[in-house]
Amino acid sequence: MLNFTKNIILEPTWQKIYSVGRVLILLGFLSSTLYFLKNTFFPLEKFVLNLKNQKVAENLLGYEDVSLSEKIFSAYSKDNFSLANFRITTAKNQPDLTSKTISLRKTYSAFAYPLSEKKAIFPDRTLLKNSDQFFLVSNGKLRKFSSRKIFESLGYLENNFQEATNEEIGSMEKGEEIIETQNYPDNSLFLINDTYYEFFNNTLRPFASEKTFLSHCEKNQAIIKDEEILGKYPVDQDNPIGFANGTLLSFDIGVFLVEDGKVIPFNNPETFLALGYNWDDIIPANEEEIGLYQRDKVFSISRPHPSGTVFFDQDNGQYYLISGKNKQEIQGENIKRIYLKRKPILANGKSLDFNFSCALEKKLWPFNSYGCQLPVVDLAKIAGKDYQFKINPSSNLDISQVNIIFSREINWLNMRDILSDIKQRLFDAYGYETIN
Amino acid sequence: MVMKQSTKQQLELLAYKLLYDVFFLWILAVIFLLIAQNILPNYFFSQISLAKMIFGLFAIVFLIGFFGKRQNILIDSNQENSKKISKIFIFLLILSALLIVNSFRNLEIHFLIISSLSALIVFFFFLKIILSNQK
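Residues numbered from 1 in each chain as written. Chains lettered and ligands numbered in written order. Predicted model: local features only at pLDDT ≥ 70, side-chain atom pairs only at ≥ 80, totals over all residues. Heavy atoms only, no water.

> Would you mind going over the layout of surface pockets in detail, with residue names and values included?
Residues and elements named next belong to chain A. As a volume, the second largest pocket reaches approximately 1,200 Å³. Around the second largest pocket, the lining comprises 44 residues; the ones closest to its centre are Pro 123, Asp 124, His 216, Leu 321 and Tyr 339. Counting only elements with at least two residues in the lining of the second largest pocket, the list comes to β21 (318–323) and α8 (333–339). In the lining of the second largest pocket, the residues fall into 18 nonpolar, 14 polar and 12 charged. Two domains share the lining of the second largest pocket, each providing at least three of its residues, namely domain 2 (127–232) and domain 3 (248–350). (1 Å grid on protein atoms, 1.4 Å probe; cavity = no way out; pocket = protein on both sides within 12 Å on 5 of 7 lines; lining within 4 Å. Points joined across faces, edges and corners; volume = space filled by probe spheres on them. Helix = DSSP H or I, 4+ residues; strand = E, 2+ residues; numbered from the N terminus. Nonpolar A, V, L, I, M, F, W, Y, C, P; charged D, E, K, R; others polar. Domains from an automatic or database assignment.)

Okay, structure coming up:
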């Protein structure tokens, strides 16, 4: 090491102390550098839940009180880890948790919603044919055109209708037959002067653009009409129809997700990828289209997928549609075709099982705390961003705090991931294309 | 018990010399972090605070100044050290120029050429002044 103070001479004894001091400083510097590099390349990810309302600096854990005897804590990350350290601290005079099991699964929280008894059905506005019968899906019900003459006199052509199997038709709730030729049924679609309209409650509601129409329906579902019809029914110009729920939009440098009349901006590209979305599914929107919506809070990694999301279970080959806080099975090739306009989110049915577990042990510090460690290397193969930890205390439990720390082992496999991440960052920073 | 005057002096000189070494390593760490931050933005500073590092650097400089003043140590200005310092200074100047050019990499090429040429001219005269001072 360079000596900048050569000209300051110490007495021999002090010179020896100085030499030892220099070595110690150098060792301290080297060990700090190693510690810093370890924390940079293999960072810990810490999550905390404080139920006593104390402010915490770390990431917040999700908490779900499923029942008196089942509690789930969720940590959210796009990364894979080697170990998870779980620690729970209870209030005073709580039951002993020693030997209680902590189970873990990695999944998408929306994919873990309970399976609804109802199957996914054809969405409203769909025109269906089954042998010589013709139908319109209106207000969630299947309405049959009483005869070919009726739909022809309303202006429909046979090629407006898409095939549906007996099972698909049979799975839907039946509505009133369409017998009138004077009035259009709700959810009829028109194309008038290059603008798409939906007929609903005797009012015509325009789609904001062709792109918004195509996010819901196919082009051939609309009947071509002339301007006359615009004089016959009132037109609700103030409330144009926007994009379908779950549509991904881009505007300026932001990417947004459409959900229930709002657009939710993604907080960063990592969240977008962690949710399993595909860059190819993004539709560029213009100012008018994006202006239809209120902007919601940012879409962070802790947020579940919204209604309208389709998951594909890679383990059993089944498709599921998220509807509210349930998931519905999508059965039937024709129904699938409608919902698979966007690529589905890849998930694993096996990820729903809590396959990893450890037994809690009492910790010396803090008081009333218990912890255990779970090896989580195998979770890397499973699709998902939600690490859900389940505990089944025998009775109601007053929890003060829960801490979860994820760590990575220093090994070649993890190092390779880090180098790949650095390479990607360098490519991003120096203007090369993304390699995802 | 009162510490002997000579022991106290040796202790302060020892502290001064050790702090100088810490200062050198600290500067080295800051330079490395600045280069790393410039090449890979926000990768390394997610684990460390530059503000704290700079604050630490000031604290060390303050202590060096404190002990130096107590022991009447003047910053050495002999020929050899001054040459060494100007070499380090030139190295730091070149490094800073490279870092600045790198941070401007996303700018328009015309603007980049003009600003780089202007910087080089300023840099050339700056070096000339330093070298003439040395002579």
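> Quick one: what's the story with the packing of aromatic side chains, residue by residue and with numbers?
Residue and element names in this part refer to chain A. According to the stated counting rule, one finds 39 aromatic pairs over all chains in the structure shown. Ring centres of Tyr 387 and Phe 406 lie 4.8 Å apart, and the angle between their planes is 55°; this geometry places the pair in the tilted category. Note that Tyr 387 is positioned in strand β27 (residues 386–391) and Phe 406 in strand β28 (residues 399–407), a separation of 19 residues in sequence. In this structure, Arg 303 is placed above the aromatic ring of Phe 299, and the distance from its NZ or CZ to the ring centre is 5.4 Å. The side chain of Lys 327 reaches across the aromatic face of Phe 111, ending 4.3 Å from its centre. (Phe/Tyr/Trp six-rings, centres within 6.5 Å; stacked < 30°, edge-to-face > 60°. Lys NZ or Arg CZ within 6 Å of the ring centre and 35° of its normal.)

> Before we move on, can you summarise the pattern of salt bridges with the specific residues and values?
Residue and element names in this part refer to chain A. One pass over the structure, following the stated rule, counts 19 salt bridges over all chains. As a salt-bridge pair, Arg 148 and Glu 158 come within 3.1 Å of each other at their nearest N and O atoms. With Arg 148 in helix α2 (residues 148–154) and Glu 158 in the loop between α2 and β10 (162–163), this residue pair connects regions lying 10 residues apart in the sequence. In this structure Arg 148 comes out as partly exposed when scored by relative accessible area, which is 39%. (Salt bridge = Lys/Arg side-chain N within 4 Å of Asp/Glu carboxyl O. Buried < 20%, exposed > 50% of the residue type's maximum accessible area, 1.4 Å probe, protein only.)

> Tell me about helix α2 (residues 50–70) of chain B, residues and numbers included.
For α2 of chain B, built from 21 residues, the straight-helix expectation of 30 Å at 1.5 Å per residue is met to within 8% by its first-to-last C-alpha distance of 30 Å. Of the residues one or two after α2 of chain B, Asn 72 of chain B is the one with positive phi, at around 55°. (Expected span 1.5 Å × (residues − 1).)

> Residue-level account of the sheet that holds β27 of chain A, with values.
Residues and elements named next belong to chain A. On the basis of which strands lie adjacent, the open sheet formed by 5 strands has the order β3-β4-β27-β6-β24 and antiparallel pairing. The two strands at the open ends of the sheet, each matched to only one other strand, are β3 (62–67) and β24 (356–359). Each adjacent strand pair in this sheet contributes to an overall mean axis angle of 20°, direction not counted. The pairing of strand β6 (residues 101–107) with β24 spans 4 bridges and is antiparallel. Looking at the pairing, Leu 104 lines up with Phe 356 of β24. (Pairing = 2+ DSSP bridges. Axes fitted to C-alpha atoms, helices over the stretch in contact; angles between N-to-C directions.)

> Quick rundown of the sheet that holds strand β18 (residues 282–284) of chain A? Include the residues and the values.
Residues and elements named next belong to chain A. Read across the open sheet, the 5 strands follow the order β18-β15-β16-β17-β19; overall the sheet is mixed. The strands lining the two open edges of the sheet, one partner per strand, are β18 and β19 (294–295). Pairing between strand β16 (residues 254–259) and strand β17 (residues 262–265): 4 bridges, direction antiparallel. Residue pairing for β17: Phe 256 is matched across the bridge by Pro 265.

> Give a detailed account of the interface of chain A and chain B, specifying residues and quantitative values.
In this complex, chain A contributes 29 residues to the contact, which on the side of chain B involves 32 residues. Interface of chain A and chain B: buried area, both sides summed, is about 3,000 Å²; carbon and sulfur atoms make up 73% of it. Viewed at the interface, chain B and chain A are joined by 1 salt bridge. For the side of chain A that touches chain B, the secondary-structure elements that each account for two or more residues are α1 (12–41) and α9 (412–429) of chain A. Considering every element that reaches the side of chain A that touches chain B, the biggest residue donor is α1 of chain A, with 12 residues. (Contact = heavy atoms within 4.5 Å. Buried area = accessible area lost by both parts, 1.4 Å probe.)

> Give me the lowdown on the domain arrangement of chain A, citing residues and values where you can.
All names here are of chain A. Taken domain by domain, chain A consists of domain 1 (42–100 + 360–429), domain 2 (127–232) and domain 3 (248–350). If you average the C-alpha positions of domain 2 and of domain 3, the two centres end up 26 Å apart. The interface is formed by 13 residues belonging to domain 2 together with 14 residues belonging to domain 3. Carbon and sulfur atoms supply 46% of the area buried between domain 2 and domain 3, which totals about 920 Å² over both sides. For the domain 2 face of the interface with domain 3, the top three residues by lost area are Gln 162, Glu 168 and Lys 211, together amounting to 51%. Seen at the junction of domain 2 and domain 3, the total is 2 salt bridges. Lys 211 is the salt-bridge partner of Glu 289, the closest N and O atoms lying 3.2 Å from each other.

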